[in-house]
Amino acid sequence: MSNQRIDGVRLWDSLMAMARHGATQKGGVRRLTLTTIDKAARDDFRAQCESLGLAVRVDAIGNMFARREGRDPSRLPVLFGSHLDSQPSGGKFDGALGVVAGLEVMRTLNDLGITTEAPLELVNWTDEEGSRFGLSLMGSGTWAGVYPIERSYALTDIEGVTVESALKDIGYQGAEPAAPFPADSYFELHIEQGPILERAGARIGIVTGAQAQVWWDARITGQDAHAGTTPPDARRDALVAAAQIITLVDRLMREHGEDGRGTVGFLKVEPNSRNVIPGEVAFSVEFRHPDSAAIAALARDFPALAAEAIAATGCTLTLTPVLHYDAQPFDAECVALVEAAARRLGQPARRIVSGAGHDAVYVARRMPAAMIFTPCKDGLSHNEAESIEPEEAEAGCQVLFDAVVARANR
Ligand code: GLV
Ligand code: MN
Ligand code: MN
Ligand code: MN
């Protein structure tokens with residue numbers, strides 16, 4: 001074990017303090033991106049960074065970078081972080097762990113009087129979840145150049161508020177361009193959000209990459225009509241058509257066996273009145289798989305299969321592509337640094353592929369990147385009951401510290 005130790009109690013206290021921003025009755029967090037609650041968490045993060053002597057910059061999509069200078073001005077910064085936004089009924093740790101652990105890394109370095117050779121930058125990415133504006137990894141994807149900023153700015157929430165106006169409203173449309181700057185590498189600590197580490201009895205996940213994904217926004221148009229008077233042959237029920245597609249998504253997922261994932265997680269029915277046949281349904285569709293070819297085949301075949309599935313309903317379907325990315329392997333050298341740090345910790349660790357999407361996936365297109373996972377109770381996440389143990393947070397933060405410092409001093 002490294003003799004430069006982070007403070008597990010202090011880390012846990014700051015995780016609990018961050019979880020007060022948007023705390024829910026059931027012990028979770030509702031901190032939707034770019035809301036006043038997100039602003040409060042951002043302001044808190046900024047104040048903590050400044051009190052640690054870090055210089056904070058904000059870019060045009062609201063990503064926050066907190067810099068600690070290194071000894072060698074010619075070295076590029078080592079980046080690490082995650083996200084402070086949450087799902088509507090999210091947990092305390094998804095995202096926040098990586099940001100708050102990053103603060104603990106900075107505090108520990110200050111306490112020990114260590115100046116690393118390369119500068120360090122702690123990042124809070126905007127809108128990782130995609131639950132308010134519908135596009136996951138929005139901040140990191142815009143920064144990495146995957147999403148044009150005009151597209152990101154124009155996204156709207158369910159009330160029609162655009163990303164650009166939400167950024168302005170909370171004062172987080174920064175002056176820096178939202179674009180990659182020269183940087184050495186990126187490390188992200190995150191909870192696993194699934195059951196693999198817990199089942200294996202592992203304390204640390206050495207993340208070797210993330211699986212492929214494809215997402216669409218779907219809209220089915222039928223006709224609003226009276227529920228009591230419209231006979232079967234005159235009905236064009238958009239919700240019945242959506243049900244066919246939901247079943248199709250589930251079937252295609254199951255055809256891919258244990259590694260298949262397919263979800264319709266969002267559904268908006270109009271007019272949503274019990275005695276009106278639904279004329280319009282908007283919903284989300286996503287598939288994930290560790291094999292890029294499996295996702296490429298679904299990206300190609302799903303639109304025709306979906307159209308066929310609703311052919312008998314008299315409704316029409318439009319599918320708008322939202323995102324499609326291949327499986328993203330992480331950088332072998334960065335993964336090796338995480339593995340070495342996990343080994344020094346002396347606790348059970350194993351390699352794992354991420355089932356969830358993470359900012360590291362898009363950052364990895366721009367620089368060497370790697371991730372560290374901690375287990376979470378019953379593998380549960382995107383749920384208010386999401387839970388981890390203080391010792392797990394401490395172990396993950398120690399591995400983050402060791403990997404980042406080793407990279408910055410190499
Ligand atoms: C991010 O939360 C994801 O959908 O994996
Ligand atoms: Mn997350
Ligand atoms: Mn999440
Ligand atoms: Mn996520």
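Nothing here was measured: the structure is a model prediction, and the numbers come from that model.

Some thoughts on the domain arrangement of the chain
Then comes step 1: Split into domains, the chain comes out as domain 1 (8–211 + 327–408) and domain 2 (213–325).
Then comes step 2: In this structure, domain 1 and domain 2 have C-alpha centres spaced 33 Å apart.
Then comes step 3: On the side of domain 2, 10 residues touch domain 1, which itself brings 10 residues to the contact.
Then comes step 4: The residue makeup of the side of domain 1 that touches domain 2, split by class, is four nonpolar, six polar and no charged.

A short note on the pairing of strand E3 (residues 78–83)
Side-chain direction in a regular strand flips from residue to residue, so the side chains alternate between the two faces of the sheet.
Then comes step 1: Of all the six residues making up E3, six are buried; the element is thus mostly covered by neighbouring parts of the structure.
Then comes step 2: Both faces of E3 are covered, namely the face carrying Val78, Phe80 and Ser82 and the face carrying Leu79, Gly81 and His83.
Then comes step 3: For the handedness criterion, the β-α-β arrangement of E3, helix H3 (residues 96–112) and strand E4 (residues 120–125) is classed as right-handed.
Then comes step 4: Examined bridge by bridge, E3 and strand E5 (residues 185–191) share three bridges and lie parallel to one another. Bridged to Leu79 within E5 is Tyr186.

What to know about helix H2 (residues 36–51)
Then comes step 1: With 16 residues, H2 extends 22 Å from end C-alpha to end C-alpha; this agrees with the ideal 22 Å at 1.5 Å per step.
Then comes step 2: Of the residues making up H2, those classed as buried are Ile37, Asp38, Ala41, Arg42, Phe45, Gln48 and Cys49. Across the axial projection of H2, the buried residues extend over an arc of 140°, all falling on one side. For H2, the exposed residues lying more than 90 degrees away from the buried face are Thr36, Ala47, Glu50 and Ser51.
Then comes step 3: Elements in contact with the buried residues of H2: helix H1 (8–18), strand E1 (55–58), strand E2 (64–68), H3 and E4.
Then comes step 4: Gly53, located one to two residues past H2, shows a positive phi value of around 85°.

Notes on the pairing of strand E6 (residues 204–210)
Then comes step 1: Of all the seven residues making up E6, six are buried; the element is thus mostly covered by neighbouring parts of the structure.
Then comes step 2: As judged from the six bridges shared by E6 and strand E15 (residues 349–354), these two strands associate in the parallel manner. Its bridge partner being in E15, Ala210 is matched across the sheet by Ser354.
Then comes step 3: Sheet topology note: the E6/strand E16 (residues 369–374) ladder contains three bridges and is antiparallel. Bridge assignment links Val207 to a residue of E16, and that residue is Met371.

Topic: the site of ligand 1
Then comes step 1: Around ligand 1, the surrounding shell consists of Glu129, Ser136, Ala356 and Gly357.
Then comes step 2: Across the shell around ligand 1, the residue classes break down as one nonpolar, two polar and one charged.

Scoring rules and cut-offs
- Residues numbered from 1 in each chain as written.
- Chains lettered and ligands numbered in written order.
- Predicted model: local features only at pLDDT ≥ 70, side-chain atom pairs only at ≥ 80, totals over all residues.
- Domains from an automatic or database assignment.
- Contact = placed C-beta atoms within 7 Å.
- Nonpolar A, V, L, I, M, F, W, Y, C, P; charged D, E, K, R; others polar.
- Buried ≥ 20, exposed ≤ 12 C-beta atoms within 10 Å, placed from the backbone.
- Helix = DSSP H or I, 4+ residues; strand = E, 2+ residues; numbered from the N terminus.
- Right-handed = clockwise from strand over helix to strand, strands pointing away.
- Pairing = 2+ DSSP bridges.
- Expected span 1.5 Å × (residues − 1).
- Arc of directions from axis to C-beta.
- Near = placed C-beta within 6 Å.

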